[in-house]
Amino acid sequence: KRVAILISGGGSNMVSLVDSMTGDHPARPAVVLANSADAGGLQKAADRGIATEVVDHRDFKGDREAFEKALISALEPHDPDIVCLAGFMRILTPVFIDAFRGRMLNIHPSLLPKYRGLHTHARAIEAGDAEAGCTVHEVTPELDDGPILGQARVPIRPDDTPDTLAARVLTQEHKLYPAVLRRFAQGDRNPIYL
Ligand code: GRF
């Protein structure tokens, strides 16, 4: 299976996914695409010998459809079977989602269905939750709402800030996403709970 990974920033989840696709793993990274040329993850992908693409959403002046058609065109030569959104910070419409329906995953830093959208850690702390975590789900047109494929939980500590909690959750993301991708690439959609 050929995997395309979409990033916007440092790409730590991308690195975890790439480094997990070795040996008898049924998938291999085909391309890493970023929506900005200065995404730190691009260099990490290149260092690992992976093809990279940049499609900058700012080149399309708010025309979401044109941007997403450019994303599809950039991915096509790499012929991906699976698309993994990993710290990809653009909202996608059915134009892109329908092109990869049923074979596109995302990792979201909350225990969905709680805290869709942004600032998830601050919201969990503010709410006085005892736990936080991350979720890998299939991508559907509704934001952060597709079938859940895996979750990992961490405790929220009394002295946590959004940053200290984010760091604890990120460690779990790096375990959860590779575990889910391996199963998904074998056609197994049973959710994993770490
Ligand atoms: C992190 O906040 C992570 O929780 C979320 O995307 C952000 C960047 O992740 N999934 P990465 O280091 O670019 O993978």
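Residues numbered from 1 in each chain as written. Predicted model: local features only at pLDDT ≥ 70, side-chain atom pairs only at ≥ 80, totals over all residues. Heavy atoms only, no water.

Draft legend 1. Looking closely at unusual backbone geometry. A cis geometry characterises the amide bond from L112 onward to P113, with omega recorded as 10 degrees. The backbone of D79 sits at a positive phi, close to 50 degrees, despite the residue not being glycine. Mapping D79 onto the fold places it in the loop between helix 3 (64-75) and strand 4 (82-85). Even without a glycine there, the phi angle at D144 is positive, about 50 degrees. (Helix = DSSP H or I, 4+ residues; strand = E, 2+ residues; numbered from the N terminus.)

Draft legend 2. Geometry of helix 3. In this model, helix 3 (twelve residues) spans 17 Å end to end at C-alpha, consistent with the 16 Å of a helix rising 1.5 Å per residue. Where helix 3 is concerned, the buried positions are F67, E68, L71, I72, A74 and L75. Along the axis of helix 3, the buried residues cluster in a sector spanning 165 degrees; they form a single face. Along its buried surface, helix 3 packs onto strand 1 (2-7), strand 2 (28-34), strand 3 (52-54) and helix 4 (94-97). (Expected span 1.5 Å × (residues − 1). Buried < 20%, exposed > 50% of the residue type's maximum accessible area, 1.4 Å probe, protein only. Arc of directions from axis to C-beta. Contact = heavy atoms within 4.5 Å.)

Draft legend 3. Representation of the UniProt feature "site: Raises pKa of active site His" (unreviewed entry) in the chain in the model. As annotated in UniProt, the feature "site: Raises pKa of active site His" (unreviewed entry) corresponds to D144 in the numbering used here. Sequence-distant contacts of D144, defined by excluding residues within four places in its chain, comprise N106, H108, L112, R116, G117 and H137. (UniProt positions renumbered as here; feature names shortened; annotations may be inferred.)

Draft legend 4. Molecular detail of the pattern of salt bridges. Considering all chains together, one arrives at eleven salt bridges under this definition. Between R101 and D98 there is a salt bridge whose closest N-O contact spans 3.2 Å. The exposure class assigned to R101 is partly exposed, which follows from its relative accessible area of 45%. A salt bridge links D129 to K114; its shortest N-O distance comes to 3.1 Å. On the criterion of sequence distance, the pair formed by D129 in the loop between helix 5 (120-126) and strand 6 (131-138) and K114 in the loop between strand 5 (104-108) and helix 5 is long-range, its members being 15 residues apart. A relative accessible area of 16% places D129 in the buried class. Given a relative accessible area of 41%, K114 falls into the partly exposed group. (Salt bridge = Lys/Arg side-chain N within 4 Å of Asp/Glu carboxyl O.)

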